Amino acid sequence: MRELVRWSAATMADALARREVSSVELTQAHLDRIAALEPQVHAFLHVDAEGALAQAKAVDEQRAAGADLHVMAGVPIAVKDVVTTAGLPTTCGSRMLEGWVPPYDATLVTKLRAAGMPILGKTNMDEFAMGSSTEHSAYGPTRNPWDLGRIPGGSGGGSAAAVAAFEAPLAIGTDTGGSIRQPAAVTGTVGTKPTYGGVSRYGLVALASSLDQAGPCARTALDTALLHAVIGGYDPRDSTSIQAPVPPVVGAAQRADVSGMRIGVVRQLSGEGYQAGVQANFEAAVALLVEAGAQVVEVDCPSFAYALSAYYLILPSEASSNLAKFDAMRYGIRVLPEGVADPSAEQVMAATREAGFGPEVKRRIILGTYALSSGYYDAYYGQAQKVRRLIAQDFDRAFEVADVLVSPTAPTTAFEFGSKLDDPLSMYLNDVATIPANLAGLPGMSLPSGLADEDGLPTGVQILAPAMGDDRLYAAGAALERALTARWGGHLLDRAPALPREDQ
Ligand code: GLN
């Protein structure tokens, strides 16, 4: 039974279709694994054993009755806690939403349920998706299954760790500046940020609305594509949703073909500042793509130097506005100020926001309200929007000579808990390679590129494509994955050290 959890999602789907395994068996195997490992890993904030098993049972019954089911019917999944789930708590890793049970499902959750995918639970994250380590979760951090003393990335560290620890075959993440891709890189898993507007934002608790994008987390390119196809597509409830079919991501992952593809290495996104093992594995990955038939060109994106600065003005500005709704009246907890007999609405609001938000959220609200204040709006927010345009133009030029762009995903491997917590700027630097895609609305994927020589920890390679060219990510990603797994003699995760209590 324990081996079931190590199957790919594609294998699970095939075995379910052939009735070699039931969804109840698969779901129970993951719930057992979660029960055994969660004391160490803490990938979940909430586990819904009852709901997941009920969904699994329903799918098994439909299959037995000969119903025409979705290909992914019966494959279980974990969902990041920033996505609303009717009847299941949704806290965004914050005290502010402790105990909140949404009355509605996000569109992507509606799609998971319609496909018959049992939801195992909600995964841990940095508070309101602000961070790169899950250390900003109000409920304690998630640990990296590769080394329990290290971070699993963030903000979606819970989703990546759940997948890396075989607690779930698939998970949903959200990526505003890298929160799907950077956790994938440091846990040896795969994650895709789709084209902005490619997956509905309806029901995602907003961080920065012009940057947020939900997407799939998995262990292989094909599994990632299969989930991408379930959740993608037009949604009239999201005004920024793209009215076009989901790009052919599954077919691209199956073909895994890069022959003739032009791969652009972004000069500004590697080299200095990148850990030696990250850089070495990146260069080896590019060489493998060439062996597989791709051509390499170097591209220049000079404005990327300003991406991080622009992002840390635009994101806090949008976040400060989005988080204004947590005002003790409309959403979230209500805290009365101590020792005030008849508190005003403003005093209740202040006491609530003081108690409900953690330090990183407060820092960004202060930054954002400052950047948007009347005297400074043009100098900060306005200027950052101009930089955003320049970054999009750099991408346009790069895609004239390349079909996809590549870079390391994150500058380093997983760092130790506490090592960046007191230094927000060094925490922000984790996103240096992932942020440009969010600013331009483009799709990006991270895949395992190997283990760094110096510390034996996973490294990631990033692939970027033009808007609605998500299928190119999977064509290149699956080709690279095929070459790398042939070299490694299996999946990178097969080399992860056994976890304590793994055998229970
Ligand atoms: N680490 C980035 C930040 O803190 C990314 C966040 C995200 O993608 N949600 O803003």
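Report follows, based on the coordinates. (Residues numbered from 1 in each chain as written. Predicted model: local features only at pLDDT ≥ 70, side-chain atom pairs only at ≥ 80, totals over all residues. Heavy atoms only, no water.)

**Description of the packing of aromatic side chains**
Applying the stated criterion to the full structure yields 14 aromatic pairs. Ring geometry for Trp-100 against Tyr-331: centres 6.0 Å apart, planes inclined by 90°, an arrangement best described as edge-to-face. Taken together, the positions of Trp-100 in the loop between β2 (77–80) and α4 (107–114) and Tyr-331 in the loop between α10 (307–322) and α11 (345–356) put the pair 231 residues apart, joining distant regions of the chain. Aromatic pair Tyr-370 and Tyr-380: ring centres 5.9 Å apart, planes at 45°, arrangement tilted. Remark: Tyr-380 occurs in helix α13 (residues 378–401) and Tyr-370 occurs in helix α12 (residues 359–372); sequence separation between them is ten residues. Among the residues examined, Tyr-380 registers a relative accessible area of 32% and is labelled partly exposed. Through a chain of ring-to-ring contacts, the aromatic side chains of Trp-100, Phe-128, Phe-326, Tyr-331 and Phe-357 assemble into a single cluster. The side chain of Arg-6 reaches across the aromatic face of Phe-166, ending 4.1 Å from its centre. (Phe/Tyr/Trp six-rings, centres within 6.5 Å; stacked < 30°, edge-to-face > 60°. Helix = DSSP H or I, 4+ residues; strand = E, 2+ residues; numbered from the N terminus. Buried < 20%, exposed > 50% of the residue type's maximum accessible area, 1.4 Å probe, protein only. Lys NZ or Arg CZ within 6 Å of the ring centre and 35° of its normal.)

**Describing the site of the ligand**
Around the ligand sit 16 residues in total, of which Thr-176, Gly-177, Ser-179, Tyr-311 and Arg-364 are the nearest. Gly-177 has a polar backbone atom sitting 2.7 Å from an oxygen atom of the ligand. At 2.8 Å, a side-chain N or O of Arg-364 approaches an oxygen atom of the ligand. Taking 290 Å² as the accessible area of the ligand by itself, protein coverage stands at 100%. Among the elements that make up the shell around the ligand, the one with the highest residue count is α10 (three residues). Residues that form the shell around the ligand fall into these classes: six nonpolar, seven polar and three charged. (Near = heavy atom within 4 Å. Polar contact = N/O pair within 3.5 Å; in protein donor to acceptor, adjacent residues only side chain to side chain. Areas by Shrake-Rupley, 256 points an atom, 1.4 Å probe, with all protein chains shown as cover. Nonpolar A, V, L, I, M, F, W, Y, C, P; charged D, E, K, R; others polar.)

**So, the layout of surface pockets**
Within this model, the largest pocket holds a volume of roughly 200 Å³. What lines the largest pocket is a set of 13 residues, among which Tyr-104, Leu-204, Val-205, Lys-325 and Tyr-331 lie closest to the centre. (1 Å grid on protein atoms, 1.4 Å probe; cavity = no way out; pocket = protein on both sides within 12 Å on 5 of 7 lines; lining within 4 Å. Points joined across faces, edges and corners; volume = space filled by probe spheres on them.)

**Here's the deal with the packing of helix α7 (residues 221–231) against helix α16 (residues 470–488)**
Look at α7 against α16: their axes get within 9 Å of each other, and the N-to-C directions meet at 160°. The angle between the axes of α7 and α16 places the two elements in the roughly antiparallel class. When α7 is examined against α16, the residues Ala-221, Thr-224, Ala-225 and His-228 are found in contact with a partner set consisting of Asp-470, Tyr-474, Gly-477, Ala-478 and Glu-481. Its residues placed into classes, the contact of α7 with α16 shows four nonpolar, three polar and two charged. (Axes fitted to C-alpha atoms, helices over the stretch in contact; angles between N-to-C directions. Parallel < 35°, antiparallel > 145°, perpendicular 65-115°, else oblique. Contact = heavy atoms within 4.5 Å.)

**Side note on the packing of α4 against α7**
Packed helices, taken two at a time, are described by the angle their axes make and the gap between the axes. Contact pair α4 / α7: the axes reach a minimum separation of 8 Å and the direction vectors enclose 110°. On the basis of their axis angle, the class for α4 and α7 is roughly perpendicular. Within the contact between the two elements, α4 uses Leu-108, Lys-111 and Leu-112 and α7 uses Leu-227, Val-230 and Ile-231. Split by residue class, the contact of α4 with α7 holds five nonpolar, no polar and one charged.

**A closer look at the pairing of strand β3 (residues 119–123)**
For β3, the tally of buried residues reaches five of five residues, placing the bulk of the element in the interior. Of the strand pairs in this sheet, strand β1 (residues 44–47) and β3 are connected by three bridges, and their pairing is antiparallel. When the sheet's bridge partners are listed, Val-47 is paired in β3 with Gly-121. As paired strands, β2 and β3 are joined by four bridges and run parallel to one another. Bridge pairing links Ala-78 to Gly-121 in β3. With α4 bridging β2 and its parallel neighbour β3, the resulting β-α-β unit is right-handed. (Pairing = 2+ DSSP bridges. Right-handed = clockwise from strand over helix to strand, strands pointing away.)

**Quick notes on the pattern of salt bridges**
Counted according to the given criterion, the structure contains 18 salt bridges. Put simply, Asp-300 and Arg-267 hold a salt bridge, and the shortest N to O gap is 3.2 Å. You can see Asp-300 sitting in the loop between β8 (295–299) and α10 and its partner Arg-267 sitting in the loop between β7 (262–266) and α9 (276–291), a full 33 residues away along the chain. Note that Asp-327 is salt-bridged to Arg-330, the shortest N-O span being 3.0 Å. When its relative accessible area of 7% is taken as the criterion, Asp-327 is described as buried. (Salt bridge = Lys/Arg side-chain N within 4 Å of Asp/Glu carboxyl O.)

**Here's the deal with the pairing of strand β6 (residues 214–218)**
Of all five residues in β6, five are buried; the element is thus mostly enclosed. Relative to β6, strand β4 (residues 171–174) is paired through four bridges, and the arrangement is antiparallel. Its bridge partner being in β6, Ala-171 is matched across the sheet by Cys-217. In this structure, strand β5 (residues 190–193) lies alongside β6, joined through two bridges in antiparallel fashion.

**Some remarks on the sheet that holds strand β10 (residues 444–451)**
Two pairing modes exist for strands in a sheet, parallel and antiparallel, and in both the strands are linked by backbone hydrogen bonds. Here eleven strands make up an open sheet; going across it, the order is β1-β3-β2-β4-β6-β5-β10-β11-β9-β7-β8 and the pairing mixed. Edge strands, defined here as strands with exactly one partner in the open sheet, are β1 and β8. Sheet twist, expressed as the mean angle between neighbouring strand axes with direction ignored, is 30°. Examined bridge by bridge, β10 and strand β11 (residues 458–464) share seven bridges and lie antiparallel to one another. The residue bridging Gly-444 from the neighbouring strand is Leu-464, located in β11. Docked against the sheet, α13 engages β7, β8, β9 (404–408) and β11, running at close to 110° with respect to β9. Where α16 meets the sheet, its contacts fall on β5, β6, β9, β10 and β11, and the angle it forms with β10 comes to roughly 10°.

**So, helix α2 (residues 23–41)**
At Ala-35, α2 is bent by approximately 35°, the largest bend along its length, and proline Pro-39 sits one to four residues beyond. Looking one or two places after α2, you find His-42, whose phi comes out positive at around 55°. (Bend = angle between axes of the 7 residues up to and from the residue.)

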